Amino acid sequence: MRIDWNNYIGKTLNITMQENYGVVYGNQMNNEHNAFYEIVFKTGKLVNAFEEGLLLESQRDELTFQTFVPFSSVKCIDIY
C-alpha cells in the first residue's frame, strides 16, 4: 500500500526508527569519553515527500534544521 504523503505536508510526524545510532562528544577538558546513544525517534513538521523518504523540519537550540528520513529506516509513523 502506498500513501500520498503530500496530504500530510505541514503536519507533525513522530517517526520511530528501525535502528540508528549517534554519538555525543564528551568535554575534552574533563577527559570524558564519547557517549553513544540510540536514536529511536525523529520528530518534525513534514515539509516534503520523495519516493525515497520524507523531509522533516525541526527546531533545536533556536536553530531550524531539516532531516531526510529514508523509508528503509522507518519502523512506524505517528501523524499529529
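Thresholds applied
- Residues numbered from 1 in each chain as written.
- Predicted model: local features only at pLDDT ≥ 70, side-chain atom pairs only at ≥ 80, totals over all residues.
- Heavy atoms only, no water.
- Helix = DSSP H or I, 4+ residues; strand = E, 2+ residues; numbered from the N terminus.
- Core = buried A, V, L, I, M, F, W, Y, C linked by side-chain atoms within 4.5 Å.
- Buried < 20%, exposed > 50% of the residue type's maximum accessible area, 1.4 Å probe, protein only.
- Contact = heavy atoms within 4.5 Å.
- Pairing = 2+ DSSP bridges.
- Salt bridge = Lys/Arg side-chain N within 4 Å of Asp/Glu carboxyl O.

A. Quick peek at the environment of Ser 72. By the element assignment, Ser 72 lies in the loop between strand E6 (63-70) and strand E7 (74-79). Once the C-alpha coordinates of Ser 72 and Glu 52 are considered, the two residues, 20 residues apart in sequence, prove to be 8.2 Å apart.

B. Molecular detail of the nonpolar core. The biggest cluster of nonpolar side chains holds 10 residues, and these are Trp 5, Leu 13, Ile 15, Met 17, Leu 46, Ala 49, Leu 54, Leu 56, Val 69 and Val 74. The biggest single contributor to this core is strand E1 (residues 12-17), with 3 residues. For Val 74, the contacting residues outside a window of four places in its chain are Ile 15, Thr 16, Gln 18 and Val 69.

C. How the structure looks around the pairing of E6. As paired elements, strand E5 (residues 53-60) and E6 share 8 bridges and run antiparallel to each other. Considered in E6, the bridge of Leu 54 is made with Val 69. Counting the residues between successive antiparallel strands, the hairpin from E5 to E6 contains 2 residues, one of them, Asp 61, with a positive phi of roughly 50°.

D. Inspection of the pairing of E5 at higher detail. Sheet topology places strand E4 (residues 41-49) next to E5; 4 bridges connect them, and they run antiparallel. When the bridges of E5 are listed, Leu 46 appears paired with Leu 56. Hairpin connection of E4 to E5: 3 residues between the antiparallel strands.

E. Up close: the pattern of salt bridges. Summed over the entire model, instances satisfying the criterion amount to 1 salt bridge. For Glu 57, the salt bridge is made with Lys 45, and the minimal N-O distance between the two is 4.0 Å. Of the two residues, Glu 57 sits in strand E5 while Lys 45 sits in strand E4, which places them 12 residues apart along the sequence. Taking relative accessible area as the criterion, Glu 57 reaches 26% and is therefore assigned partly exposed. The class of Lys 45 is partly exposed, set by a relative accessible area of 37%.

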